[in-house]
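Structural features, examined
Residue-level listing of the chains:
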Amino acid sequence: MSPTTQVPPPRTDSDGAAPKAPRRPVPPQWAAWAFLAPVTLYLGLFYAYPLYRNIDLSLRHYTVRSFVRGDAPFTGLANYRMVFDDPTFAPALLHTVVFTGVCLVFQYAIGLALAVFFHQNFRLSATLRALFLVPWLLPLIVSASTWSWMLNSESGVVNAVLHAVGIGPVNWLTSPSWSLTSVIIANIWIGVPFNLVVLHSGLQSIPAGLYEAAALDGANAWQRFWRITFPLLRPVSAITLLLGLVYTLKVFDIIWIMTKGGPADSSTTFATWSYQLGFGNLLPAFGPGAAVGNLLVLAALVFGLIYVRVQRKQALS
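Below is a summary of the structure that appears in this document. (Residues numbered from 1 in each chain as written. Predicted model: local features only at pLDDT ≥ 70, side-chain atom pairs only at ≥ 80, totals over all residues. Heavy atoms only, no water.)

1. Notes on a nonpolar patch on the surface
This is how the line gets drawn: What goes into a patch is any residue over 30% in relative accessible area without a salt bridge, connected to like charges within 9 Å or, for nonpolar side chains (Val, Leu, Ile, Met, Phe, Trp, Tyr), within 5 Å. Each accessible area is a Shrake-Rupley estimate made with a 1.4 Å probe; only the visible protein chains count as cover when residues are assessed. When a carboxyl oxygen of Asp or Glu lies within 4 Å of a side-chain nitrogen of Lys or Arg, that pair is called a salt bridge. Each helix is a run of DSSP H or I of at least 4 residues and each strand a run of E of at least 2, with the numbering of both proceeding from the N terminus.
Together, Leu124, Leu128, Leu131, Phe132, Val134, Leu138, Ile141, Val142 and Trp189 make up a nonpolar patch on the protein surface, roughly 770 Å² of accessible area in all. Listing elements by their share of the nonpolar patch, those giving two or more residues are α5 (125-131) and α7 (140-150). Topologically, Phe132 is positioned in the loop between α5 and α6 (134-137).

Structural data, given as structure tokens:
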């Protein structure tokens, strides 16, 4: 008979109870702050401090001399009242709303259509999708300069095409009726790739089984899009629209390079007006320029808070 292996009894304390597992050492509080320090320092230096300086700038009467010496007198909300009473305020507000709204709608609609199209994963899908990223990857000064050349009244390729089909030339950049439309078209072209990339990523997370089940139930392509794709893309669509809104509100390069806000302020938005007040004159108005910039920050903050509130309600429901 072979000997049996005996298992040693488990260890016990003096009172007969099994010993407790050793606790992992809790990291000290300073370690957590050490990990947060780089992010906190970055946000403080590049976000909080510039915002504080811009608010302080809008509450004082700055000239070139007081800006250098730092002894500008405090004027309260006088700069904001000056901005609201300025005859440029109403047109700039209207242009900002129209520019932002039209760009958001078309960028999202075209980006969503292209995302659904490329979601089919046909041959050369990845190559064509990469080519659509070119407008987004180009520097804004290059894109704006290209559109300025294309829309030139005399030598632009767009008017050349219109002339070939029997349509007279259009003063895209020098006519008050067309200048805002021109910068909107250019900005839509630049912003579509961003919407395409984000929405296409959102489509990847939708289970393919839902489409197969809908097809078995007899749903056509439009019903599958409206009943499955669009509702399940709402979280991605919300953040896409929010980021697009913040970006479009502060668009300056495209408008300034193409039209400089003209002619006759016909394409002036809050972004270009803020620059004109602060740096576009021989006697710069730093305070009113900062006040206009703060209005843009406030608008972006309001929409950001609305987004957070809506997302919180959806998470609780």
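2. Quick look at the packing of aromatic side chains
We count it as follows: Note on aromatic pairs: the rings of Phe, Tyr and Trp (six-membered ring only in Trp) are paired at centre separations within 6.5 Å, and the planes decide the class, stacked below 30 degrees, edge-to-face beyond 60, tilted for the rest. The rule is simple: take the accessible area with a 1.4 Å probe, protein chains only, and divide by the maximum for that residue type; under 20% is buried, over 50% is exposed, in between is partly exposed.
Taken as a whole and judged by the stated rule, the model has 20 aromatic pairs. Centre to centre, the rings of Trp136 and Phe194 are 5.7 Å apart; their planes meet at 65°, and the pair counts as edge-to-face. Within this pair, whereas Trp136 is found in helix α6, its partner Phe194 is found in helix α9 (residues 179-204), the two being separated by 58 residues in sequence. With centroids separated by 6.1 Å and ring planes inclined at 45°, the aromatic side chains of Phe225 and Phe230 adopt a geometry described as tilted. For Phe230, a relative accessible area of 25% translates into the label partly exposed. Taken together, Phe252, Trp256, Tyr275, Phe279 and Phe286 form an aromatic cluster joined through their ring pairs.

3. Details of the packing of helix α10 (residues 208-216) against helix α11 (residues 221-232)
Heads up, the condition is: Orientation is described by lines fitted to C-alpha atoms, with helices fitted over the stretch in contact, and by angles between N-to-C directions that extend from 0 to 180 degrees. For classification, angles of less than 35 degrees are called roughly parallel, those exceeding 145 degrees roughly antiparallel, those between 65 and 115 degrees roughly perpendicular, and all remaining angles oblique. Each crossing is labelled by how the near helix is turned from the far one, with a counterclockwise turn of less than a right angle marking it left-handed and a clockwise turn marking it right-handed. In what follows, a contact means two residues having at least one pair of non-hydrogen atoms within 4.5 Å. Only Asp, Glu, Lys and Arg are considered charged in this grouping, and only Ala, Val, Leu, Ile, Met, Phe, Trp, Tyr, Cys and Pro are considered nonpolar; every other residue, Gly among them, is considered polar.
For the pair α10 and α11, the least separation of the axes is 10 Å and the interaxial angle reads 160°. If you check the angle between α10 and α11, you find them roughly antiparallel. The two elements α10 and α11 cross, and the hand of that crossing is right-handed. Counted together, Leu210, Tyr211, Ala214 and Ala215 of α10 and Arg224, Ile228, Thr229 and Leu232 of α11 form the full contact between these two elements. Among the residues forming the contact of α10 with α11, the class breakdown is 6 nonpolar, 1 polar and 1 charged.

4. So, the pattern of salt bridges
This structure, assessed with the given rule, holds 2 salt bridges. Of the charged contacts in the structure, one is a salt bridge between Asp56 and Arg60, with a shortest N-O distance of 2.9 Å. A relative accessible area of 24% means that Arg60 is categorised as partly exposed. One network of salt bridges, in which partners are shared, links Arg53, Asp56 and Arg60.

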